[in-house]
Amino acid sequence: MSFQIPSSALTIGIDIGGTKVLGGVVDNLGNILETTRKDTPKSGGDDLYKTICDVITELKSKYQLAGIGISCAALISSDRRTILSSPNISNWNSISLGDQLEKEFSLPIVVENDANAAMWAEYKFGNAKDFNPVMFFIIGTGMGGGFVVDGQLYRGAYGIGAEFGHMKVESNGILCGCGVTGCIEQYASGSALMRYASIEIANHSAQGQELLNFGDGTLAGFTGSDLTKAAKAGNKLALSAFNTCADWLGRAIASYTLILDPAGNINLPVIIGEKSVIRLVSESSWERSEGKTAEKNISVIPKVFLQLPSSIKAGGKYLIPGQVLPVGSGVKLLLLQDGKQVGNFITQADGGFNFAISPTTPGVHTYQVQIEAGTKNSAGSSELFTVLVR
């Protein structure tokens, strides 16, 4: 089925995830005019379909709309009409969602994998502009991925290409919702992160209760937002959970980069609650000493984290976001290019910062963001990275 929506028209975007159904009205420039949100029913199936309809009905009552786009954490048919399989949503397999919603609302419907939808948004409106090819990771309840080559989403032969979350990394690993054991999303995802936190709590009773007290004091009531808050406050067990998740995620990104050789990697963070405690995790971001006890293996020294392009064009100007953890405002940072200091800046209230690089000559350039020596507990912590300038 094909149809053309006028470029000036408004459309609805619906994101169906393992925990929420989020809807918004969007214009042709990607501006979100209004949003609404409902929890994903644990039963999935018909209850979830009704929730989706409720979200659409609420938004449709306020705007004149030309179409509806659906993104879902699921495997989608190549014609973008049917939910084939959704590992993290109950009773949400072989659902003819496009046909059902089109009949319900008499509007054109497109159903897309959530990571593909996010990848396309970044390619059209965000950080993936001008990169070819470009790879995308999104970390939420599970792990999703997207890949754009020559201005087209890569879907594979049957519409399920670039399912980065289901690379097998452990031969006798944890059972994934897809039915296979050892998928990377069981080790590098929001749900994996919470599992790591639960293990830390179980192994350290006194410190575990301190971590639980960032929530309501119970494991059953402990949420991702609570874990994020604890990590931002420098809680050792919370940071250890992030360390473990970060190691797995970094290895996955490094492996896919070697296979696909993208011009850029766009990485959305581990999303816990409404905000993220990290902007990007790379294989070298979290340094741990091997062969030590778990207690000694936890570090609360402030460290620098960056969201990086793998390559850029000579003469361009690129804004690089980053964050210092544990969070601290007013931390003084130095920027070095090829070993020479070229700038300095200070972190914001949430520990975040931005800086611009604009190399003029092609080749491999080395940059370093360093916490200024003398900063409390910093030990001169820094992040070193190289960028290929084309």
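It should be emphasised that the depicted structure is a prediction, and the values quoted were computed from it without experimental measurement.

Enquirer: Can you help me understand a nonpolar patch on the surface in this one?
Expert: Taken together, the side chains of Leu84, Tyr158 and Ile160 make up a nonpolar region of the molecular surface, amounting to roughly 330 Å² of accessible area. Summarising the element assignment, Tyr158 is placed in the loop between β10 (152-153) and α4 (190-203).

Enquirer: Quick question: what am I supposed to make of the sheet that holds strand β7 (residues 109-113) here?
Expert: Neighbouring strands of a sheet are bound in pairs by backbone hydrogen bonds; such pairs are parallel or else antiparallel. Reading across from one edge, β3-β2-β1-β4-β7 is the order of the 5 strands in this open sheet, with mixed pairing throughout. The sheet terminates laterally at β3 (32-39) and β7, the two strands that pair on one side only. Adjacent strand axes in the sheet meet at a mean angle of 15 degrees, parallel and antiparallel pairs treated alike. Pairing between strand β4 (residues 68-72) and β7: 5 bridges, direction parallel. Paired with Gly69 across the two strands is Val110, which belongs to β7. The strands touched by helix α1 (residues 45-60) are β1 (11-16), β2 (20-26), β3 and β4; relative to β3, the strand with the most contacts, the crossing angle is about 150 degrees.

Enquirer: Would you explain the pattern of salt bridges in this entry?
Expert: Any two side chains of opposite charge can pair if their charged atoms end up close together. A complete count under the given rule lists 5 salt bridges for this structure. A salt bridge links Arg81 to Asp99; its shortest N-O distance comes to 2.8 Å. Of this pair, Arg81 sits in the loop between β5 (75-76) and β6 (83-85) while Asp99 sits in helix α2 (residues 97-105), and the two are 18 residues apart along the sequence. Residue Asp99 is classed as partly exposed on the basis of its relative accessible area, which comes to 45%. Residue Glu112 is joined to Arg155 by a salt bridge in which the shortest nitrogen-to-oxygen separation is 2.8 Å. Taken together, the residues span a long stretch of sequence, with Glu112 in strand β7 and Arg155 in the loop between β10 and α4 at a distance of 43 residues. Judged by its relative accessible area of 8%, Glu112 falls in the buried class.

Enquirer: Sorry, what's going on with helix α5 (residues 205-212) here?
Expert: Each α-helix winds once per 3.6 residues, and so residues spaced three or four apart point in a common direction. Where α5 is concerned, the buried positions are Gly208, Leu211 and Leu212. In an axial view of α5, the angular spread of the buried residues amounts to 100 degrees, which keeps them on one side of the axis. Its buried side turned inward, α5 meets α4, α6 (224-232) and α7 (236-260).

Enquirer: I'm lost on helix α3 (residues 114-125) in this one. Help?
Expert: Between the first and last C-alpha of α3 there are 16 Å, a value that for 12 residues agrees with the 16 Å anticipated at 1.5 Å per step. Those residues of α3 that sit buried are Asp114, Ala115, Asn116, Ala118, Met119 and Glu122. Capping the start of α3 is the job of one residue whose side-chain oxygen sits 2.9 Å from the backbone nitrogen of Ala115: Asn113.

Enquirer: Looking at this structure, how should I read the nonpolar core?
Expert: Soluble globular proteins: nonpolar side chains tend toward being buried together. Phe137, Met143, Phe164, Tyr196, Leu211 and Leu227 are the most contacted members of the largest nonpolar core, which totals 32 residues. No other element matches α7, which puts 11 residues into this core. Here Phe164 is in contact with Met135, Phe136, Phe137, Met143, Gly145, Gly146, Phe147, Ile184, Tyr256 and Leu260, once residues within four sequence places are set aside. Ranked by size, the runner-up nonpolar core spans 28 residues in total, among them Leu48, Leu59, Ile83 and Trp92.

Enquirer: I'm lost on the side chain of Asn116 in this one. Help?
Expert: Structurally, Asn116 is set in helix α3. According to the relative accessible area criterion, Asn116 is buried, its value standing at 3%. When near neighbours in sequence (up to four residues on either side) are disregarded, Asn116 contacts Gly145, Gly146, Leu153 and Arg155.

Enquirer: What am I meant to see in the environment of Ile199 here?
Expert: For Ile199, the location among the structural elements is in helix α4. Measuring from C-alpha to C-alpha, the distance between Ile199 and Ala241 comes to 8.6 Å, with 42 residues separating the pair along the chain.

Enquirer: Which parts of the structure should I look at to understand the pairing of strand β16 (residues 332-337)?
Expert: Within a regular beta strand, the side chains point alternately toward one face of the sheet and then the other, so they alternate between its two faces. Strand direction decides the pairing type here: β16 and strand β17 (residues 340-346), joined by 6 bridges, are antiparallel. Within β17, the position partnered with Gln337 by the bridge is Lys340. Linking β16 back to β17 in an antiparallel pair, the connection comprises 2 residues, with Asp338 at a positive phi of about 50 degrees. Here 5 bridges tie β16 to strand β19 (residues 363-371), and the two strands are oriented antiparallel to one another. Of the residues in β19, the one forming a bridge with Leu335 is Val369.

Scoring rules and cut-offs
Residues numbered from 1 in each chain as written. Predicted model: local features only at pLDDT ≥ 70, side-chain atom pairs only at ≥ 80, totals over all residues. Heavy atoms only, no water. Patch = residues over 30% accessible without salt bridge, like charges linked within 9 Å, V, L, I, M, F, W, Y side chains within 5 Å. Areas by Shrake-Rupley, 256 points an atom, 1.4 Å probe, with all protein chains shown as cover. Salt bridge = Lys/Arg side-chain N within 4 Å of Asp/Glu carboxyl O. Helix = DSSP H or I, 4+ residues; strand = E, 2+ residues; numbered from the N terminus. Pairing = 2+ DSSP bridges. Axes fitted to C-alpha atoms, helices over the stretch in contact; angles between N-to-C directions. Contact = heavy atoms within 4.5 Å. Buried < 20%, exposed > 50% of the residue type's maximum accessible area, 1.4 Å probe, protein only. Arc of directions from axis to C-beta. Expected span 1.5 Å × (residues − 1). Polar contact = N/O pair within 3.5 Å; in protein donor to acceptor, adjacent residues only side chain to side chain. Core = buried A, V, L, I, M, F, W, Y, C linked by side-chain atoms within 4.5 Å.

It is worth stressing that arrangement in space is one thing and function is another; only the former is reported here.
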